[in-house]
Amino acid sequence: MGGLSGSGHDSAAVFAARRRRLLLTVGGITLTSIVGSRLLSGPVGHLPPHREVSASTKPVAQRDLTARHNLPAHHDLAAHHRPPHSLDQPLYYIDDASRAIALTIDDGPDPVYTPQVLRVLHRYRVTATFSMIGLHVAAYPHLARAVAEEGHSIANHTWTHSDLVHMPAHRLHTELARTSHAIHAATGVHPQLFRAPYGAWSAAVIRQCEHMGMVPMDWSVDPRDWARPGVRSIVSNIMHNTRPGSIILEHDGGGNRSQTVDALRIVLPRLLREGYHF
């Protein structure tokens, strides 16, 4: 896919320039929107299989990590050249210089688990990116505000946590725009990152991100905490799969997240002892 169909050459060029200039904070790490040292090699239309899903459940993310480019460490794409299709796919990795990694927390805010996650992050002085559902932000604006006040970033995660791939354009726009408005109303901040529910991306979703000035962000480590596989399993998955540049996926909403909270208490100090920084 050579470009964003329907966006026009000029708008694509402007968006590319914006992506090169824009400095974002993902999990407390400053990066440009295209400095990820490893990006998905397949086109955006090549999505993992989907199941019937609801806002309270996550499908199994069937991702072939071996299909991604593995560039040498410290290979800064922004400093050299933009890789093919870089406008057509989300961010899966961040710049891995100095063993940098990013922690992302999805599906909140939740009145039970978001405060617990915040306390764990505060204890270990770790910053994260919370991908928030608009309906939850509207219901608990004080929690969204607390996340922002603790120095964490907030990403747009749609209004209803619906699969966007086959959604009509007008509803797709509403899902993203309404959520950004709720986040801004609660925190005073316009989200600059977007995460698609279930990791379900399409050209239309990427175009909508471009239109709203948000960088699409996915993940590279999924410990499946949403399925409550046990604290030991979550910790083992993260420790086994995390590499410099990884974006780790966790959840503070969508169900009982006590295992996630307990796993974070174990995995954060371990990652810090191994020399990673968030």
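Residues numbered from 1 in each chain as written. Predicted model: local features only at pLDDT ≥ 70, side-chain atom pairs only at ≥ 80, totals over all residues. Heavy atoms only, no water.

Visitor: Looking at this structure, I do not really get the overall build of the protein. What am I missing?
Guide: When its secondary structure is counted, the protein shows 9 helices and 8 strands. The 278 residues of the protein split such that 53% are buried. (Helix = DSSP H or I, 4+ residues; strand = E, 2+ residues; numbered from the N terminus. Buried < 20%, exposed > 50% of the residue type's maximum accessible area, 1.4 Å probe, protein only.)

Visitor: Sorry if this is basic, but what is going on with the nonpolar core here?
Guide: Looking at soluble globular proteins, one finds that nonpolar side chains tend to be buried together. Leu-103, Leu-121, Phe-130, Leu-268 and Leu-271 are the most contacted members of the largest nonpolar core, which totals 35 residues. At the level of secondary structure, the elements contributing two or more residues to this core comprise β3 (102–108), α3 (113–124), β4 (129–132), α5 (141–149), α6 (169–187), α8 (231–241) and α9 (258–273). Apart from residues lying up to four places away in sequence, Phe-130 is in contact with Ile-105, Thr-114, Val-117, Leu-118, Leu-121, Val-147, His-152, Ser-153, Ile-154, Ala-155 and Asp-252. Residues Tyr-93, Ala-196, Trp-201 and Met-214 belong to the second largest nonpolar core, which totals 13 residues. (Core = buried A, V, L, I, M, F, W, Y, C linked by side-chain atoms within 4.5 Å. Contact = heavy atoms within 4.5 Å.)

Visitor: Help me out: how do you make sense of the packing of aromatic side chains in this one?
Guide: A ring pair, where both rings are aromatic, is described by two values, the distance of the centres and the angle of the planes. Under the defined criterion, the tally for this structure stands at 1 aromatic pair. Taken together, a centroid distance of 5.9 Å and an interplanar angle of 85 degrees make the contact between Phe-194 and Trp-201 edge-to-face. Here Phe-194 and Trp-201 have matching classes, each one buried. One cation-aromatic arrangement involves Arg-99 over Tyr-276; the distance from NZ or CZ to the ring centre is 4.1 Å. (Phe/Tyr/Trp six-rings, centres within 6.5 Å; stacked < 30°, edge-to-face > 60°. Lys NZ or Arg CZ within 6 Å of the ring centre and 35° of its normal.)

Visitor: Got a minute to help me understand the packing of α8 against α9 in this structure?
Guide: A pair of packed helices is captured by two measures, namely the crossing angle of their axes and the spacing between those axes. The interhelical angle for the contact between α8 and α9, taken along N-to-C directions, is 35 degrees, at an axis separation of 9 Å. When you trace α8 past α9, the crossing you get is right-handed. The residues of α9 that touch α8, namely those facing Val-231, Ile-234, Val-235, Ile-238 and Met-239, are Gln-259, Thr-260, Asp-262, Ala-263, Ile-266, Val-267, Arg-270 and Leu-271. Partitioned by chemical class, the residues of the contact of α8 with α9 number 9 nonpolar, 2 polar and 2 charged. (Axes fitted to C-alpha atoms, helices over the stretch in contact; angles between N-to-C directions. Left-handed = near helix turned anticlockwise from the far one by under 90°. Nonpolar A, V, L, I, M, F, W, Y, C, P; charged D, E, K, R; others polar.)

Visitor: Sorry, what's going on with the confidence of the model for the protein here?
Guide: Close inspection of predicted coordinates is inappropriate for parts of the model with low pLDDT. Overall, the predicted model of the protein reaches an average pLDDT of 78, with 69% of residues at or above 70. Ignoring residues within four places in sequence, the model shows residues 1–9, a span with pLDDT below 50, making 16 contacts including any to other chains. Within the model, the stretch residues 20–86 combines pLDDT values under 50 with 156 contacts to residues more than four positions away or in other chains. (pLDDT = per-residue confidence, 0-100.)

Visitor: Please explain the packing of α6 against helix α7 (residues 203–212) as it appears in this structure.
Guide: Where α6 contacts α7, the two axes come as close as 10 Å, and the packing angle between them is 40 degrees. What the angle tells us is that α6 and α7 run oblique. Once α6 is placed against α7, the crossing between them reads as right-handed. Across from Leu-172, His-173, Leu-176, Ala-177 and Ser-180 in α6, the residues of α7 making contact are Ala-204, Val-205, Gln-208 and Met-212. The residue inventory of the contact of α6 with α7, partitioned by class, reads 6 nonpolar, 3 polar and no charged. (Parallel < 35°, antiparallel > 145°, perpendicular 65-115°, else oblique.)

Visitor: Got a minute to help me understand the pattern of salt bridges in this structure?
Guide: Opposite charge on two side chains permits them to pair, given that their charged atoms come into close proximity. What the rule picks out here adds up to 3 salt bridges. The shortest N-O distance in the salt bridge between Arg-195 and Asp-106 comes to 2.9 Å. In this pair, Arg-195 sits in the loop between β6 (193–194) and α7 while Asp-106 sits in strand β3, placing the two residues 89 residues apart along the sequence. Grouping residues by exposure puts Arg-195 and Asp-106 together as buried. (Salt bridge = Lys/Arg side-chain N within 4 Å of Asp/Glu carboxyl O.)

Visitor: Explain the side chain of Asp-222 here, please?
Guide: Mapped onto the fold, Asp-222 is located in the loop between β7 (215–216) and α8. Owing to a relative accessible area of 15%, Asp-222 belongs among the buried residues under this scheme. Within the local environment of Asp-222, its side chain forms a polar contact with the backbone nitrogen of Arg-224, the two atoms lying 2.9 Å apart. (Polar contact = N/O pair within 3.5 Å; in protein donor to acceptor, adjacent residues only side chain to side chain.)

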